[in-house]
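# Chains, contacts and geometry: an overview
This is what each chain is made of:
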Amino acid sequence: MSSRYLRKTALCLGLGLAFGLPAWQAHGANNDGTIVGRTQPGAVVTVRDPATGLSRSTTADEKGNYRIPFLPVGRYVLESRKDGNLTTQPADVTVTLGNATTVNLGVKELEGVSVSATSVITKVDVTSTESAVNISREELRRLPVDQNIASVALLAPGVNKGNSSFGGISFGGSSIAENAIYVNGLNVTDFYNRNGFSEAPFAFYQEFQVKTGGYSVEFGRTTGGVINAVARSGSNQFKWGTELTMEPGAWHDKPKNRYDAQGNRYLASSEDRDSLMKTNVYASGPIVKDKLFFFAMYEARGSSPRNTSDDGTTFTSNGAHNGFWGATIDWHINDNNLLSLMAFSDKSKNTGDVYDYTFDTRTLGAKTNEIYTDSGGKNWALTYTNYLTDDLSMKLLYGSNKRNAYTRSLSDIECNRVVAETKVTNAVPVPGGVPLGCTTNSTVEKRDDTRKEIRADFEWKLGDHLVRFGYDHEKDTSIYQRHYTGPGAVYYNLYYATPGSTINNTGGVLPAGYTAYVRARRYEIAGTFETTNSAYYLEDNWQITPTFLLNAGIRNDGFDNKAANGSSYIKMKNMWAPRFGFSWDIKGDGTTKLFGNLGRYFLPVANVINIKQAGGLLDERTYYAFSGWQIVDRNGNKYAMPVLGPQLGGVDTSQGDGKVGDLRSQVNKDMDQVFQDEAILGFQQMLDKSWSWGVSATYRRLHNAIDDMEISATGKCGANGYIGWVMGNPGKKNTVWGDTNCDGVADGWVTVDTAKEGWAMYDADGNYLGQRGWVKPKRTFTSVEFQLDRAWDNQWAFNASYTLSWNRGNAEGPVNSDTNFDDTGRTENFDNPWVNFGGDGYLPNDHRHQLKLRGTYALTPHWQFGGDLTVLSGGPITGFGVGNPYDATNYHSYYICVANCSSDRSEDRVYERSPRGKYGTMPWTYNLGASVTYLRSLGETGQLRVKFAIYNLLNQQRTVAVDQDLQTSISDGTNSTFRQALRFQDPRFAQLTVSLDF
């Protein structure tokens, strides 16, 4: 046998042994990682960070297993000694975020050849039962990925952009308001309406982990996904650098103007342009060598986007010149005690200068307003880690997350906002083409959100069991005030309709001679509102056999949303969330894995509910016939205001009359929580040392909804038992304070089974017809996902994923993106039983096919080329109507009036069902990004990196959202703008990034 063949055989066997030895489950805490593996029983295993001097030691148990948790993300040297002697050569190990890195330290003698099985890390992690993707800062620098967290998350399979104007990202069929985002363990998710998060300068981050399912009981308060990020930190080596990012307006392609079937322009977009310039500088190093380290970054950012109004009559030039910063301080008190401080600020101020504009001639007129927008805040987290013993470790965190938002303008006192459908202005042109109203700012809104967070996490190794337990608590406070601009604080919306059309919720009918109506809306609220969320968890990871791992955990959540007076408004506790998982190393060599998990996840109630349901909200809507335009002059600038004709029906205050009533009558006393059950079964396999593939199937089912319903009848008192608007569980029993003896006075607790009662039905003559209940909310997500991955080897890397999925039900979640309704938890879906009756079908986040490809190729040591492609099938198109064939209600529905629609008697009208997705799907979208990077060493430690990236290389501007209102009033006609495109892919743009690191 040749020596070459002998060495090769020995090496393969050594690698197989390294892959196959048992290890603990891959759970690191949410801002660090873990090293696990096997060595000789009783050996002392030591891990050391050469950059900081941090060292940790533990003794392997009687089976040779060892575990070192709560390690900061980074590169380490690992060694094992028995009786003072090395058991093998030291291994270089990279600890990644939220993962357990498996390293087996042992020596195998084979025919006189010594084989070291060290630092062997397979792409198949046989110790993990969750679905997650890790993406490092270095990988992102090689790819055409835009510099924000959302763009990173979109690299993961099954994650898509929201298709509504309020943006966001959707994980596994969930709505955009169901995710959780962490930075160094600090929850930075927007708790006001759960759409958005606080975000540090992008270059501040070291690594990201995107959890798409199956995450452990350590994580909660989400039925979507988790984005986990960790910041950069300092070392014993002083480093500094700078990075310049440029996106000039000239590097942004023009959006397309949009025209209707008659050739009328309804979106004037071609003058819209973004522009961004930012420069950051950083420094890091030791304050005290081997003990105290710092990393600090400051980013100066100039942003100057511009845009015209949809009708092209106003032009807004924005300008923001902000300073963002981030810093970390790490104190290695000793090898058993670590203290870390992370802080960043994303405070931003923008000024928008508004001008009159003539779009056809591209002529800028007089300046008419300035709009001021402030956002962001300061964030920090202090983390203490203690390795109490070899088997018991502890981590404590205390932090604060602030998000402020303040919008106002110079014209707020004098000018009302006016918006009209294109069909209105086409039918009744504005004289001289002057703008509508004298402001483009509709709302004066100020919000200060502050989260105070504390959490404790423990790990305790007990033989074949690893027990993890912990507690976390948040106090989320919102100080809020909002009202519309102008005299009377009224916002005017104009809608096209045919004579005889019935107007929503008022009983008013548009008289003959009119082709449009005006909604004059007042909206006012103010107050301070608090929510407390707390949870504790317990988890056992049991290595039953050397190849089979079982994970069992339980989490208990409690949510307490409070009113402005501090009393509990919605309080829920004892939300038990069990989660189970397994991982089977099929071959016993670490190359092939079958895994699965089953779990329950609870979603908290957003603070917007406290504010709008328990804060004295005034939402007053008065409707008038539209009698034409009045041209008004303000400081020499002309603008148009609607002339109000006769009032149509009464004043609608059903959404809020400005008073805080008896909250016992406004919230279900025995509220059931919103939760989701999830099951995942997957398979992964290493093909060789670089290539791996996998397939998994996921099933998610959302249970319950917490939403507002108008309960207008009870089982005992019928229509005489009117209660009003209630936050409750549609389709289930709800207990509220109401009338128990039918005398019109609320005097006790009343239970209404909203599955079969609660809504009083009337005919056109006002005769009581009986009661109707609500359908139960439903949402399911089923997917099959395939992945293929090639690890980076300094030459090339590649990742491909394909997801086939079905997202079905009658409720998207706490927001409605198909109707652009973003009041989280106060959707239209359950306002009355007919809104969602017959609403089963494919939901807005149903994208049947999703293909994602990304990769990097190094042509030479100095030149790298990157690519990123996402191919996505379009979401369903529904034709929404108003009214229904069962009573006289005039509101959003899945029914279209097709005959006798102008009849005063609802019984004479003929309707047909218009189910979800009846009108097909939106087009497929293709988004290709490409980048080229130049690298050059500068001296011994410096490096120049120049990356030029183009996003949406093919300049696809396909439709991602359309008008889905087939009828906007009960009438013989249909909405002429139905299926008209509303939102589109962002146009192509280029980005140049120049980095210097020393």
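Residues numbered from 1 in each chain as written. Predicted model: local features only at pLDDT ≥ 70, side-chain atom pairs only at ≥ 80, totals over all residues. Heavy atoms only, no water.

Attention now goes to the overall build of the chain. Counting its regular elements, the chain contains 5 helices and 61 strands. What you see for the chain is a C-alpha radius of gyration of 30 Å, in line with the 30 Å of a compact globule of 998 residues. For the chain, the spread of C-alpha atoms along the three principal axes comes to 100 × 70 × 50 Å. The buried share among the 998 residues of the chain stands at 59%. Across the chain, every contact between residues at least 6 apart in sequence was considered, and the portion connecting residues at least 24 apart equals 70%. Put simply, the chain shows about 37,500 Å² of open surface, and 54% of that area lies on carbon and sulfur atoms. (Helix = DSSP H or I, 4+ residues; strand = E, 2+ residues; numbered from the N terminus. Rg over C-alpha atoms; globule rule 2.2 N^0.38 Å. Buried < 20%, exposed > 50% of the residue type's maximum accessible area, 1.4 Å probe, protein only. Contact = heavy atoms within 4.5 Å. Areas by Shrake-Rupley, 256 points an atom, 1.4 Å probe, with all protein chains shown as cover.)

Further remarks concern the sheet that holds strand β8 (residues 100–102). Strand order in the open sheet formed by 3 strands is β4-β1-β8, and the pairing between neighbours is mixed. Unpaired on one side and paired on the other, β4 (65–71) and β8 mark the two borders of the sheet. With direction set aside, neighbouring strand axes in the sheet form an average angle of 20 degrees. Note that strand β1 (residues 33–38) and β4 share 5 bridges and pair antiparallel. Among the inter-strand pairings, R38 is bridged to a residue of β4, identified as N65. (Pairing = 2+ DSSP bridges. Axes fitted to C-alpha atoms, helices over the stretch in contact; angles between N-to-C directions.)

The subject of this paragraph is unusual backbone geometry. One can expect most non-glycine residues to show negative phi and most peptide bonds to be in trans. If you check the backbone angles, N900 has positive phi at about 55 degrees while not being a glycine. Here N900 shows up in the loop between β55 (895–899) and β56 (910–913). Residue N900 is classed as partly exposed on the basis of its relative accessible area, which comes to 47%. The phi dihedral of N955 is positive, around 55 degrees, even though this residue is not glycine.

We now examine the pattern of salt bridges. Scanning the entire structure with this criterion turns up 54 salt bridges. Two residues, K395 and D32, come together in a salt bridge whose shortest N-O distance is 1.9 Å. On the criterion of sequence distance, the pair formed by K395 in strand β29 (residues 392–409) and D32 in the loop between α1 (3–20) and β1 is long-range, its members being 363 residues apart. Between E524 and R522 there is a salt bridge; the shortest N-O distance is 2.9 Å. (Salt bridge = Lys/Arg side-chain N within 4 Å of Asp/Glu carboxyl O.)

Working definition: an aromatic ring pair is given by the centre-to-centre distance plus the angle between the planes. Throughout the structure, instances matching the rule amount to 39 aromatic pairs. Summarising the aromatic geometry, the rings of W834 and F837 are spaced 5.4 Å apart at their centres and angled 75 degrees between planes, so their arrangement reads as edge-to-face. Taking the relative accessible area as the measure of exposure, W834 reaches 3% and is therefore buried. By the ring-pair criterion, three or more aromatic residues cluster together here, those being F202, F204, Y205, F208, Y282, F295 and F344. If you follow R56 out to its NZ or CZ, it ends over the ring of Y387, 3.8 Å from the centre. (Phe/Tyr/Trp six-rings, centres within 6.5 Å; stacked < 30°, edge-to-face > 60°. Lys NZ or Arg CZ within 6 Å of the ring centre and 35° of its normal.)

This part is about the sheet that holds strand β11 (residues 131–136). One open sheet accounts for 5 strands, arranged β11-β16-β17-β14-β15; its pairing is mixed. The strands lining the two open edges of the sheet, one partner per strand, are β11 and β15 (186–187). Examined bridge by bridge, β11 and strand β16 (residues 205–213) share 6 bridges and lie antiparallel to one another. The residue of β16 that forms the bridge with V133 is V210.

Grouped burial of nonpolar side chains is what soluble globular proteins tend to show. One finds L140, F204, Y205, F208 and M342 to be the most contacted residues of the largest nonpolar core, which totals 36 residues. Counting only elements with at least two residues in this core, the list comes to β11, α3 (149–153), β13 (169–171), β14 (180–183), β16, β17 (226–231), β22 (292–303) and β25 (337–345). What F204 contacts, discounting residues up to four positions off in sequence, is A231, R232, F295, M297, G326, A327, T328, M342, A343 and F344. Core analysis: the next-biggest nonpolar cluster, separate from the first, contains 32 residues, Y192, I570, L603 and M671 among them. (Core = buried A, V, L, I, M, F, W, Y, C linked by side-chain atoms within 4.5 Å.)

On to the state of the cysteines, then. For the structure on display, the rule yields 3 disulfides. What pairs with C415 in a disulfide is C438, and their sulfur atoms sit 1.9 Å apart. Here C415 and C438 share a disulfide; its torsion about the S-S bond, -115 degrees, makes the bridge left-handed. Placement of C415 in the loop between β29 and β30 (417–420) and of C438 in the loop between α4 (422–427) and β31 (443–462) is noted, with a sequence separation of 23 residues between them. (Disulfide = S-S within 2.5 Å.)

We now examine the side chain of R468. Here R468 is to be found in strand β32 (residues 465–484). In this structure the side chain of R468 is engaged in a polar contact, spanning 2.8 Å, whose partner is the side chain of E218. (Polar contact = N/O pair within 3.5 Å; in protein donor to acceptor, adjacent residues only side chain to side chain.)

Taken together, the 12 bridges between strand β21 (residues 276–288) and β22 define a ladder with antiparallel strand orientation. Among the inter-strand pairings, A283 is bridged to a residue of β22, identified as A296. Counting the residues that bridge the hairpin from β21 to β22 gives 3 residues, and of these D290 lies at a positive phi of roughly 65 degrees. Of the strand pairs in this sheet, β22 and strand β24 (residues 314–334) are connected by 12 bridges, and their pairing is antiparallel. Note on β24: the bridge partner recorded for R301 is N322.

So, about the environment of E474. Tracing the chain through its elements places E474 in strand β32. The exposure class assigned to E474 is buried, which follows from its relative accessible area of 2%. The contact partners of E474, leaving out residues within four places of it in the chain, are N187, R221, R451, K452, E453, T531, T532 and N533. Within polar-contact distance, the side chain of E474 engages the side chain of N187 at 2.9 Å. Here the side chain of E474 touches R221 through a polar contact of 3.3 Å, side chain to side chain.

Together, K347, K378, K402, K452 and K475 give the surface a local cluster of positive charge. Counting through the fold element by element, K452 comes out in strand β31. (Patch = residues over 30% accessible without salt bridge, like charges linked within 9 Å, V, L, I, M, F, W, Y side chains within 5 Å. Lys, Arg positive; Asp, Glu negative; His and termini not counted. Charge placed at Lys NZ, Arg CZ, Asp CG, Glu CD.)

Once that is clear, we can look at the environment of D997. Of note, D997 is situated in strand β61 (residues 989–997). Accessibility expressed as a relative area gives 13% for D997, which makes it buried. Taking C-alpha positions, D997 is 8.5 Å from E243, a pair spaced 754 residues apart along the chain. Sequence-distant contacts of D997, defined by excluding residues within four places in its chain, comprise R141, W240, G241, Y282, T941, G942 and Q943. A polar side-chain atom of D997 sits 3.3 Å from a polar atom in the side chain of R141.

Relative to the assigned elements, G42 resides in the loop between β1 and β2 (44–48). G42 sits in the partly exposed class, given a relative accessible area of 37%. For the pair G42 and G162, spaced 120 residues apart in the sequence, the C-alpha separation amounts to 53 Å.

Turning to a nonpolar patch on the surface, a few remarks are in order. Judged by side-chain polarity, I287, V288, I329, L341 and L382 come together as a nonpolar surface patch covering roughly 370 Å² of accessible area. Assignment of secondary structure puts I329 in strand β24.

Attention now moves to the confidence of the model for the chain. When pLDDT is averaged along the chain, the result is 91; 95% of the residues meet or exceed 70. This model gives residues 1–29 a pLDDT under 50, and the stretch forms 89 contacts once residues within four places in sequence are excluded. Across residues 107–122 the pLDDT falls below 50, and counting only partners more than four positions away or on other chains, this stretch makes 47 contacts in the model. (pLDDT = per-residue confidence, 0-100.)

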